[in-house]
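Residues per chain are reported as follows:
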Amino acid sequence: MLIIMFSQKLLVFLFASLIFLFGCAAPPGSLERGEAVNIVPAPVGEISSDDRAVFEVDETECESGENAVPQVGFSWKWGEIDEAFCDEKVLDETQFSICLLKKINSFIENRAQQTSNAFEFEAHLMRVKFSDDFRSDFHDYYTNVNFLDTPSFYKDGEIGEWFSDTQKFVFGATEILTPGKYMVTVTIPVQESEQLTVEFEQLEIEGFANNAFYYLNFNGDIGQTDTGVQRDSYGLGYNSIGDAVQVGNEFSLSSANFGEGSFSLDVLKLTGHKQLNLDRDTRGIVLKVAAQPQGTKRELQVSFSMATPVLLQASASSISNARSVDLLYNSFTEGGQEFFSGESLLLWQPLDVCLDFGGRNEWVVDSRNEGDPPSFVIHNDLSSLPSNQRIGGNVYYKTVVYSEGVFTISPIGISKDNRLVREGLEFKSAVGSAGIGQKLPMIGTFNVHFNYLNDNYSNFEEIFELLKDGIVCIEKKGNQNRLETTIRWNEPKLFEFIGTQLDVAGQNCNKVSETELFNALNQSLSQVSSELDELEQLIAQEPVQVTDEASAQRAVAQIRTILAGISDELDEIGLIISREPTRIQNAEEAERLKQTIKSSLDEINSELDEIEQVIAGGATRIEDQQAAITQTQSIDNSIDEISGQIAEIEEILQR
């Protein structure tokens, strides 16, 4: 391997010499000593001449399990950073330096068995910078502050002296701008006058550059002073920290960390009922990291809460004469003290295809007037509905309550025409249920590690344990300008803890009939065909121009709206299939047909994009106009195929 590397370096040297002789620049992607590594493989394994890592990620499907856990470690102790840590974790400056120095010591101790004065190893690196100030802070911390954990080969030997001497110990690239896998080549000096050099070669960035966790180079307590961290051209500086945030077992962020670094990290601890439950931007977030991969800004949001899945059941035998049906419940209580939070307390979602008392299936935000208990409004005014659309029976909603301490909710009853009726309302969770006059505690999921009373998570490592178990999940989105990686509560998994109650509710709720669903689907398909006919006529009015662009655009928008409705109705059919697979023969075939239709809808939307471009351009070329007409006809044919596939699904469900 070393002979091959030597040959490769010799060829690079000869090539570079020729370029120099002819007055050209260095080859793209080559690394000069002291320059930043800021490159992209194209393909992976090759060095590109691009200046920046270019990527886009939209992994918004929340994933969990062992492979979903970010490979970062929250220890900066020599004794805990072992060979497995060095091989598996994505390292910041401090962690990499400890791994590097341990490998150098091992190489020197076994020098008699070595055939060369160089060795190499692979390392996963964050975006890091080995500035002179970092090396000075590192050396001071491990020889004067936390020296009890520092091995003697560093604090008492020549390796520590080398590392603190920037002329003796030289990093070939002082900055790594793209997180990824790197080959590290270390050359050990033989003569006193020689340097110890560390060179980097980028191997891979896929899976690294698009994860915001790999831009958080905490570096533990390196650079910490009495007035906060003071880091020159490396690591994180901290801002906007309120309550202390525990990162690892022995490392936390607090106001004591305020200070300067190469990157600025704003820390927000999510707290209070509004942020945890009602704010759509923060609800359900456990840990969120945002970064400017090519800039210096970093953001971190974290909450330390319990998650309790809750089912609400409301019953009404007859409401034909009712103006409205409001379900009331007491506010949250903590330590026996009642509190309110703005105008509402919780956000509820319907069960699958279950209907409310007004025959609808809609998300509901509870509400209240000042001085009144919170009111869960099933439907505020039924008087506008015909009598035959007002239904009684059972209505179910579900939610997850996020709480920092022990909270309780207590149902009151059902209000009919402003009268309180003491019946028909119940809350259920994994640990019990509560009817009228009873309290239901919000204490997480029964006996689940890190999400149960007195055993909820307290640091990032425990959050990662929840991620392994699927109780929380992770999603990534963004690009090289702004990247977000979010760990949030996995609500579908949480609802499994009340799965039995949900199954019973699904069997007993008022739900839309299959016949109504298919009638609605067929009506929607007919509407699309009519809109397509109108659109084709508008495009074909003149040989070279769409004369009524506004009407054509309206037709396209209407088609898109109808297609979205078809997609939603297909989802409801999918829920019927998944909920009753034993009743439905050939359920797998029905699901396959549903997915085929979904794909066809995506293709139709793409064709509509092209038609819109023609319309916006006025169809000034006859070939464009003809192409748009052909596409409308193609969509019409697709609608006919979809109609046939829906008929097949209906037949399967009716067998």
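Residues numbered from 1 in each chain as written. Predicted model: local features only at pLDDT ≥ 70, side-chain atom pairs only at ≥ 80, totals over all residues. Heavy atoms only, no water.

Concerning the environment of serine 305
With respect to the helices, strands and loops of the structure, serine 305 is situated in the loop between strand 17 (297-302) and strand 18 (306-316). Sequence separation of serine 305 and tyrosine 402 is 97 residues, and the distance between their C-alpha atoms is 6.1 Å. Each residue touching serine 305, except ones within four places of it in the same chain, is listed here: Leu276, Tyr402, Ser403, Asn451, Asn456, Tyr457 and Trp489. (Helix = DSSP H or I, 4+ residues; strand = E, 2+ residues; numbered from the N terminus. Contact = heavy atoms within 4.5 Å.)

Topic: the packing of aromatic side chains
What the rule picks out here adds up to 34 aromatic pairs. Ring geometry for phenylalanine 138 and tyrosine 154: centres 5.8 Å apart, planes at 85°, overall edge-to-face. Of the two residues, phenylalanine 138 sits in helix 4 (residues 132-145) while tyrosine 154 sits in helix 5 (residues 152-155), which places them 16 residues apart along the sequence. Neither phenylalanine 138 nor tyrosine 154 differs from the other in exposure class; each is buried. It is arginine 135 that lies over the ring of phenylalanine 163; its NZ or CZ is 5.2 Å from the centre. For the cation-ring pair, lysine 398 lies above phenylalanine 495, with the distance from its terminal atom to the ring centre recorded as 4.4 Å. (Phe/Tyr/Trp six-rings, centres within 6.5 Å; stacked < 30°, edge-to-face > 60°. Buried < 20%, exposed > 50% of the residue type's maximum accessible area, 1.4 Å probe, protein only. Lys NZ or Arg CZ within 6 Å of the ring centre and 35° of its normal.)

As for empty space enclosed by the protein
Scanning all chains against the criterion turns up two cavities of 30 Å³ or more. Of the voids in this model, the second largest cavity is the one considered here, and its volume is about 30 Å³. Along its surface, the second largest cavity is lined by Leu270, Leu276, Thr282, Gly284, Ile285, Ser303, Ser305, Tyr402 and Trp489. Residues that form the lining of the second largest cavity fall into these classes: five nonpolar, four polar and no charged. (1 Å grid on protein atoms, 1.4 Å probe; cavity = no way out; pocket = protein on both sides within 12 Å on 5 of 7 lines; lining within 4 Å. Points joined across faces, edges and corners; volume = space filled by probe spheres on them. Nonpolar A, V, L, I, M, F, W, Y, C, P; charged D, E, K, R; others polar.)

Describing the state of the cysteines
Enumeration according to the criterion identifies three disulfides in this entry. What pairs with cysteine 354 in a disulfide is cysteine 509, and their sulfur atoms sit 2.1 Å apart. Between cysteine 354 and cysteine 509 the disulfide shows an S-S torsion of about -75°. By sign, it is left-handed. With a gap of 155 residues between them, cysteine 354 in the loop between strand 22 (347-350) and strand 23 (364-365) and cysteine 509 in the loop between helix 10 (499-508) and helix 11 (514-539) connect regions that are remote in the sequence. (Disulfide = S-S within 2.5 Å.)

Description of unusual backbone geometry
A positive phi is found at serine 233, a non-glycine position, where the angle reads about 65°. The phi dihedral of asparagine 454 falls on the positive side, at around 65°, and the residue is not glycine. Relative to the assigned elements, asparagine 454 resides in the loop between strand 31 (440-442) and helix 8 (460-469). Taking relative accessible area as the criterion, asparagine 454 reaches 74% and is therefore assigned exposed.

Remarks on the sheet that holds strand 32 (residues 472-479)
Pairing in this open sheet of seven strands is mixed, and the strands run 2-32-33-16-17-15-12 from one edge to the other. Every other strand in the sheet has two partners, leaving strand 2 (56-63) and strand 12 (236-239) as the edge strands with one partner each. Taken over all neighbouring pairs, the strand axes of this sheet differ in orientation by 15° on average, direction set aside. The sheet contact formed by strand 16 (residues 285-291) and strand 17 spans five bridges and is antiparallel. Counterpart to alanine 291 in the pairing with strand 17 is arginine 298. (Pairing = 2+ DSSP bridges. Axes fitted to C-alpha atoms, helices over the stretch in contact; angles between N-to-C directions.)

Some details on the pattern of salt bridges
All told, the structure shown has 16 salt bridges when counted by the stated rule. Residues arginine 560 and aspartate 609 are paired through a salt bridge, measuring 2.6 Å at the closest nitrogen-oxygen approach. Here aspartate 609 lies in helix 13 (residues 587-616) and arginine 560 lies in helix 12 (residues 549-579), a separation of 49 residues in the sequence. When its relative accessible area of 23% is taken as the criterion, arginine 560 is described as partly exposed. A residue is classified by how much of its surface remains accessible, and aspartate 609, at 37% relative accessible area, is partly exposed. Each of Lys288, Glu299, Arg482 and Glu484 takes part in one network of salt bridges that share partners. (Salt bridge = Lys/Arg side-chain N within 4 Å of Asp/Glu carboxyl O.)

Observations regarding the layout of surface pockets
A volume near 480 Å³ is recorded for the second largest pocket. Gly73, Phe74, Ser75, Glu80 and Glu461 are, among the 27 residues lining the second largest pocket, the residues nearest its centre. At the level of elements, helix 4 and helix 8 are the ones that each hand at least two residues to the lining of the second largest pocket. The greatest single-element share of the lining of the second largest pocket, amounting to five residues, is contributed by helix 8. Broken down by class, the residue content of the lining of the second largest pocket amounts to 10 nonpolar, seven polar and 10 charged.

Observations concerning the environment of threonine 445
Mapped onto the elements of the fold, threonine 445 is located in the loop between strand 31 and helix 8. A sequence separation of 50 residues divides threonine 445 from phenylalanine 495, and the C-alpha atoms of the two residues are 9.8 Å apart. Only 2.9 Å separates the side chain of threonine 445 from the side chain of asparagine 451, close enough to count as a polar contact. (Polar contact = N/O pair within 3.5 Å; in protein donor to acceptor, adjacent residues only side chain to side chain.)

Regarding the sheet that holds strand 4 (residues 118-125)
Taken in spatial order, the five strands line up as 3-4-8-9-6 in an open sheet, and their pairing is mixed. Unpaired on one side and paired on the other, strand 3 (90-91) and strand 6 (169-171) mark the two borders of the sheet. Bridging between strand 4 and strand 8 (residues 180-187) involves eight bridges; their strand directions are antiparallel. What sits directly across from phenylalanine 121, in strand 8, is valine 184. In the packing of helix 3 (residues 93-109) onto the sheet, contacts are made with strand 3, strand 4, strand 6, strand 8 and strand 9 (196-204), and the angle to strand 4 comes to roughly 160°.

Quick look at the nonpolar core
Core analysis: the largest hydrophobic core is formed by 105 residues, its most contacted members being Phe96, Phe200 and Phe218. With seven residues, helix 3 is the single largest residue contributor to this core. Dropping the residues within four chain positions of it, phenylalanine 218 is found in contact with Phe74, Trp76, Asp92, Arg231, Leu236, Tyr238, Val247, Phe251, Leu253, Leu265, Leu300 and Phe460. (Core = buried A, V, L, I, M, F, W, Y, C linked by side-chain atoms within 4.5 Å.)

A look at helix 3
In this model, helix 3 (17 residues) spans 24 Å end to end at C-alpha, consistent with the 24 Å of a helix rising 1.5 Å per residue. With 12 of 17 residues buried, helix 3 lies mostly within the body of the structure. Every buried residue of helix 3 is accounted for by Glu93, Thr94, Gln95, Phe96, Ser97, Ile98, Cys99, Leu100, Leu101, Ile104, Asn105 and Phe107. At the N-terminal boundary of helix 3, the capping side chain belongs to aspartate 92, with an oxygen 3.1 Å from the backbone nitrogen of threonine 94. (Expected span 1.5 Å × (residues − 1).)

Topic: the environment of leucine 502
Considering the arrangement of structural elements, one finds leucine 502 in helix 10. The spatial distance from the C-alpha of leucine 502 to the C-alpha of lysine 428 is 9.8 Å, given a sequence separation of 74 residues.

Topic: the confidence of the model for the protein
The predicted structure's coordinates, where accompanied by low pLDDT, should not be read in detail. Summing up the model confidence of the protein, the mean pLDDT is 79 and the portion of residues at 70 or higher is 76%. The least confident element of the protein is helix 1 (residues 2-21), whose mean pLDDT is 37; the most confident is strand 3, at 98. Every residue in residues 1-51 is under pLDDT 50, and counting partners more than four places away or in other chains gives 68 contacts. Below pLDDT 50 for its whole length, residues 377-383 participates in 30 contacts with residues either more than four positions away or in separate chains. (pLDDT = per-residue confidence, 0-100.)

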